Amino acid sequence: MDYCGLLTDTKKQVPLKSIEVELEVRDHVATVVSTLNYENKEDKPLEAVFVFPLPGDAAVCHFSAQIGQTQLVAVVKEKQKAHEEYDDVLSSGQQAFLLKESEQSPDIFTLSVGSLPPGESASLRLEYVTELAVQADEGLRFCLPAVLNPRYQPQGSEGASVQVTSVPASLVPYSLSFSVRVSSPRPVSKVESSSSLEPLQYVNTEQTQATVKLAAGHKFDRDVELLIYYKDAHQPTAVVEAGQASAEPGSLMGDPVVMLSLYPEFPQSVMSSLASCGEFVLLLDRSGSMGCPKSDIKQTENRIASAKDTLMLLLKSLPMGCYFNIYSFGSSFQHIFPKSVEYSEKSLEEALKIVEAMQADLGGTEILNPLTHIFSQRCIPNQPRQLFVFTDGDVCNTKEVINLVKKNSDFHRCFSFGIGEGASSALINGLAKEGGGHAQFITGTDKMQPKVMQSLRYALQPTLVDISVTWDLPPGVSVTVLSQPITALYQGRRSLIYAQITGQSSEAAEGCVTVKYSLAGHPSQSQLRFPLKPAEDVGLTVHRLGARTLIRSLETEESEHRGQQDEGVKGMVVELSVQSGVSSSFTAFIAVNKGNSEPIKGPVVCRYVPIPKYTHPIGGKLLGGGNMDCQQYDDLPEDLSCKKGASSQAKSGGFFPGIKKNFQAVGKPKKSSLGMRAAPHQAPRQDGMSSSMYDSTYSSLGENDCTLSIQPPRDPLLQLVSLQKASGCWLLDPDLAAVLGKTSEEVENTKPPLVNQAVWATILALIWLHGFKMDAKEEWELLAMKAVSWLRAQNAPSKCVEAGNTLLGCNVQKDALGL
């Protein structure tokens with residue numbers, strides 16, 4: 001792929017000078033207005049092209065340009081027609097502005113500013129709306145993507161890859177300002193962020209409205225993530241929004257639209273016993289970029305090390321009686337077992353040994369092939385398949401991957417985890433949405449373990465079947481549901497339904513929606529009543545979100561039938577996109593400055609505006625020193641292997657040693673730890689650097705030049721977890737004593753008489769967890785439940801708890817342990 005070049009490297013002026021972002025949050029819906037200020041300081045007319053990320057589920061609904069006193073409001077047109085009009089306008093020496101969504105991934109947009117004359121300025125306004133995802137701690141997550149990593153394009157994938165011009169964050173030549181206004185029927189308790197914020201300011205005494213700003217000096221080295229917390233949050237709600245007065249009655253924009261937020265509550269008697277069955281398939285990204293740290297903060301472990309620790313915790317927390325398997329992927333894929341095996345001490349130990357040896361050494365990010373292989377495996381009777389996907393999520397064939405998951409959604413649930421800055425929100429959210437699971441993002445200093453354990457709790461909830469939604473409405477009123485059918489419900493997790501309301505009703509008329517389902521053999525239901533009278537002065541946010549939902553559903557349907565010469569669905573998407581003013585993969589926003597009577601003189605020069613990318617310093621000899629883009633690791637052949645540096649377990653202090661990696665060029669494809677020969681990586685490079693240049697670069701590196709990161713000392717909690725057996729018990733040995741901070745003699749000599757050593761060891765471990773690690777309870781709660789079940793089967797005497805408290809200096813009650 002050819003680039004115009006990184007402007008900061010070639011000393012050219014960058015026409016984009018600043019970005020101003022205003023975020024307005026109403027309850028759990030966000031409206032984002034971004035203003036991009038351009039100025040041409042060169043002596044020739046410019047075309048500025050800016051490829052940038054947006055949330056994958058955003059509904060882009062407005063695009064306009066201000067040139068001097070002239071304001072141009074863009075309209076939505078079929079994409080090819082918009083392209084042709086844009087090119088024609090530029091060819092005639094006039095001005096035009098084009099905004100389009102990538103056909104490969106809905107979280108990437110391209111903004112083209114055409115023919116900006118010398119000395120002229122332009123302000124472009126972009127607006128989108130999106131729902132905020134509910135987190136495990138009941139916070140609402142908003143992410144303003146700032147980092148866009150180059151997307152890996154697998155061999156043989158359709159379509160051109162997205163052209164991304166990116167530079168290290170420190171070289172981004174434009175500024176960012178970010179302000180937030182939050183309002184809700186309930187008080188705002190706090191707002192947290194991965195970036196530095198100014199203090200939260202309340203606007204009213206009820207504290208239902210608040211404002212906050214990004215602190216000065218923010219760098220473009222990470223996405224801006226906000227977590228918003230309300231008091232008494234997440235109650236079922238309904239918002240009915242009036243139709244657009246100028247739109248045709250009976251159309252989506254002309255009729256009222258309702259947005260229902262449902263939070264099902266399941267019977268406690270059912271939820272108290274988590275499922276003890278299931279087939280758990282864990283899919284781990286081992287592409288080169290997984291060797292990068294999760295952030296640039298000192299002592300941050302790299303992504304693969306964090307993922308391996310998390311896999312260990314997850315495996316230890318699985319219930320006896322389930323089945324499991326582990327896949328890993330890069331340019332090729334591997335699996336530990338030929339098919340899923342029953343969870344036992346033997347299979348667990350075998351899996352953990354192989355996980356310990358895993359490195360980020362499999363080249364690119366080809367996730368489609370392992371998913372295809374997983375779905376080709378026959379399901380195990382009475383063992384619902386639960387798929388956990390761990391990736392830093394940068395691929396070009398996003399829609400193809402998501403469509404595969406959707407196609408197999410009747411046979412599994414998919415839980416996805418986006419690791420590090422710039423992970424594709426379209427991929428991570430799409431996998432979970434179409435797979436009926438839950439999506440999580442791990443950025444900055446976030447710990448992966450608690451987020452993964454929350455998803456495991458969802459996976460262990462009883463599977464709901466026979467889910468149906470019925471509507472009870474007054475005579476003459478009907479609804480057209482815009483959302484896809486609900487395929488999965490979880491305790492405490494929001495489900496959204498959008499529907500178009502047609503017909504007339506009285507002022508006081510009410511509607512009722514009932515969600516019915518069967519849970520552990522027991523029929524159950526949740527109801528929500530709501531007034532049909534539209535709320536006043538709420539704009540068209542709900543209509544746009546409803547239109548976006550229907551557009552995404554139709555786009556998926558179109559891609560599934562592509563090649564069958566059926567343009568009907570595509571035509572429906574274009575019509576809906578034009579009618580609603582919401583972007584789609586088949587349309588684009590275009591604005592033309594028709595008031596510019598004099599043609600712009602001279603040839604138009606193209607300038608690509610750079611976007612921040614995540615980089616990591618990897619040694620002074622690489623390309624003359626400096627930083628390497630993490631995604632460049634994905635393009636390394638698999639035979640440029642990352643070899644584990646010499647470090648003993650004693651030095652690293654953990655089950656998985658602190659890893660120091662060194663690149664070494666070898667003459668033939670290496671054998672993996674599984675004894676399978678990895679296929680050499682043949683995908684074309686996308687950064688203008690040939691594979692031979694990489695070969696010579698890495699073969700010239702010294703033994704210690706390519707250290708990716710030095711892992712911090714291992715958490716004692718993870719050390720304790722690593723010692724637990726599959727059954728849930730611990731053994732009385734020196735390693736356990738060391739974690740407890742005692743000598744072997746102290747632990748053995750204080751054991752009550754006639755008490756089994758494993759019983760004593762397990763009670764000590766539980767007391768230590770409750771006494772010293774309550775702040776991390778969500779990480780160890782499931783494996784502790786397994787330990788308690790084991791102890792109950794052993795009829796553990798209560799005197800052990802008293803003796804354990806005395807030894808460890810704790811005061812943990814027997815009831816607190818669950819005994």
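Residues numbered from 1 in each chain as written. Predicted model: local features only at pLDDT ≥ 70, side-chain atom pairs only at ≥ 80, totals over all residues. Heavy atoms only, no water.

Student: So what about the sheet that holds strand β2 (residues 29–39)? Which residues, and what values?
Tutor: Taken in spatial order, the 8 strands of this open sheet run β5-β4-β9-β2-β1-β13-β16-β15, and their pairing is mixed. Strands at the two margins of the open sheet, each flanked by one partner only, are β5 (70–73) and β15 (201–202). Of the pairings in the sheet, the one linking strand β1 (residues 16–26) to strand β13 (residues 175–183) comprises 9 bridges and is parallel in character. Looking at β13, one finds that Ser 18 is bridged to Ser 175. Set on the sheet, helix α10 (residues 541–560) makes contact with β2, β4 (59–67) and β9 (121–131); between it and β9 the angle comes to about 75°. (Pairing = 2+ DSSP bridges. Helix = DSSP H or I, 4+ residues; strand = E, 2+ residues; numbered from the N terminus. Contact = heavy atoms within 4.5 Å. Axes fitted to C-alpha atoms, helices over the stretch in contact; angles between N-to-C directions.)

Student: If you had to explain the nonpolar core to someone new, which residues and values would you point to?
Tutor: Grouped together as the largest cluster of nonpolar side chains are 82 residues, with contacts concentrated most on Phe 388 and Phe 390. Ranked by residues supplied to this core, first place goes to helix α17 (residues 757–772) with 11 residues. Leave out the neighbours within four places in its chain, and Phe 390 touches Leu 283, Leu 284, Asp 285, Thr 310, Leu 311, Leu 314, Phe 329, Phe 417, Ile 419, Met 448 and Val 452. In terms of nonpolar packing, the next biggest core, distinct from the first, is built from 53 residues, Leu 23, Val 32, Val 113 and Ala 233 among them. (Core = buried A, V, L, I, M, F, W, Y, C linked by side-chain atoms within 4.5 Å. Buried < 20%, exposed > 50% of the residue type's maximum accessible area, 1.4 Å probe, protein only.)

Student: Outline the packing of helix α4 (residues 303–317) against helix α14 (residues 716–723), listing residues and values.
Tutor: α14 packs onto α4 with a crossing angle of 45° between their chain directions and a minimal axis gap of 10 Å. Classified by the interaxial angle, the pair formed by α4 and α14 is oblique. Handedness of the crossing formed by α4 with α14: left-handed. For the pair formed by α4 and α14, the contact residues are Asp 309, Met 312, Leu 313 and Lys 316 on the first element and Leu 718, Val 721, Ser 722 and Leu 723 on the second. Among the residues making up the contact of α4 with α14, the classes are represented as 5 nonpolar, 1 polar and 2 charged. (Parallel < 35°, antiparallel > 145°, perpendicular 65-115°, else oblique. Left-handed = near helix turned anticlockwise from the far one by under 90°. Nonpolar A, V, L, I, M, F, W, Y, C, P; charged D, E, K, R; others polar.)

Student: Would you mind going over the side chain of Asp 107 in detail, with residue names and values included?
Tutor: Along the chain, Asp 107 turns up in the loop between β7 (95–101) and β8 (108–116). A relative accessible area of 3% means that Asp 107 is categorised as buried. For Asp 107, the side chain forms a polar contact with the side chain of Ser 105, separated by 2.4 Å. Here the side chain of Asp 107 touches Ser 425 through a polar contact of 3.4 Å, landing on its backbone nitrogen. (Polar contact = N/O pair within 3.5 Å; in protein donor to acceptor, adjacent residues only side chain to side chain.)

Student: A description of the pairing of strand β26 (residues 439–442) should follow, citing residues and the corresponding values.
Tutor: Regular strands place their side chains on alternate faces of the sheet. Here β26 shows two buried faces, one formed by Ala 439 and Phe 441 and the other by Gln 440 and Ile 442. Taken together, the 4 bridges between strand β25 (residues 412–419) and β26 define a ladder with parallel strand orientation. Each residue of the ladder has a partner; that of Gly 418, found in β26, is Phe 441. As for the winding sense of the linkage, the β-α-β connection from β25 through helix α8 (residues 425–434) to β26 is right-handed. (Right-handed = clockwise from strand over helix to strand, strands pointing away.)

Student: Give a detailed account of the pattern of salt bridges, specifying residues and quantitative values.
Tutor: Here the structure, examined in full by the defined rule, presents 19 salt bridges. Arg 141 is the salt-bridge partner of Glu 225, the closest N and O atoms lying 2.5 Å from each other. Within this pair, whereas Glu 225 is found in strand β17 (residues 224–230), its partner Arg 141 is found in strand β11 (residues 140–144), the two being separated by 84 residues in sequence. For Glu 225, a relative accessible area of 6% translates into the label buried. The partner of Lys 773 in a salt bridge is Asp 715, with the nearest N and O atoms 3.6 Å apart. With a gap of 58 residues between them, Lys 773 in the loop between α17 and α18 (777–793) and Asp 715 in the loop between α13 (691–699) and α14 connect regions that are remote in the sequence. Three or more residues are tied together by salt bridges with common partners; here these are Lys 447, Asp 715, Lys 773 and Glu 779. (Salt bridge = Lys/Arg side-chain N within 4 Å of Asp/Glu carboxyl O.)

Student: An account of the packing of aromatic side chains is requested, with residue identities and associated values reported.
Tutor: Applying the stated rule across the entire model yields 14 aromatic pairs. Residues Phe 142 and Phe 178 carry aromatic rings whose centres are separated by 6.4 Å and whose planes lie at 10° to one another, so their mutual orientation is stacked. Pair noted here: Phe 142 is in strand β11 and Phe 178 is in strand β13, with a separation of 36 residues, a long-range link. With a relative accessible area of 5%, Phe 178 lands in the buried category. For the ring pair Trp 471 and Phe 530, a centre distance of 6.4 Å and an interplane angle of 90° mean the geometry is edge-to-face. Here the residue Trp 471 occupies a position in strand β27 (residues 464–472), and Phe 530 occupies one in strand β31 (residues 522–531), the gap between them amounting to 59 residues. (Phe/Tyr/Trp six-rings, centres within 6.5 Å; stacked < 30°, edge-to-face > 60°.)

Student: Tell me what's going on with the environment of Ile 767, and back it up with residues and numbers.
Tutor: Within the secondary structure, Ile 767 is located in helix α17. With 46 residues separating them in the primary sequence, Ile 767 and Gln 813 have C-alpha atoms 8.9 Å apart. Filtering out sequence-adjacent residues up to four positions away, Ile 767 remains in contact with Val 801, Gly 804, Asn 805, Leu 808, Cys 810, Val 812 and Leu 817.

Student: Go over the packing of α10 against helix α11 (residues 568–580), please, and point to the residues and values.
Tutor: It is at 9 Å that the axes of α10 and α11 come closest, and there the two elements cross at 165°. For the element pair α10 / α11, the angle class is roughly antiparallel. Crossing geometry of α10 relative to α11 is assigned as left-handed. Residue-level inspection shows Arg 544, Ala 547, Leu 550, Ile 551, Leu 554, Glu 555, Glu 557 and Glu 558 of α10 in contact with α11, the latter providing Val 569, Lys 570, Met 572, Val 573, Leu 576, Ser 577 and Ser 580. In the contact of α10 with α11, the residues fall into 8 nonpolar, 2 polar and 5 charged.

Student: Let's hear about unusual backbone geometry: which residues, and what values?
Tutor: You will see that Ser 115, though not glycine, has its phi angle at about 55°, which is positive. Mapped onto the secondary structure, Ser 115 falls in strand β8. Here Ser 115 falls in the buried class, since its relative accessible area comes to 1%. Positive phi, normally seen in glycine, also occurs at Asn 382, with a value near 60°. Among the structural elements, Asn 382 can be located in the loop between α6 (368–376) and β24 (385–391).

Student: Summarise α10; cite the residues concerned and give the values.
Tutor: Every α-helix winds through 3.6 residues per turn, so residues three or four apart in the chain are directed the same way. Under the 1.5 Å per step criterion, the end-to-end length of α10 is 29 Å for 20 residues, consistent within 8% with the ideal 28 Å. Burial of α10 is extensive: 15 of the 20 residues sit out of reach of the surface. (Expected span 1.5 Å × (residues − 1).)

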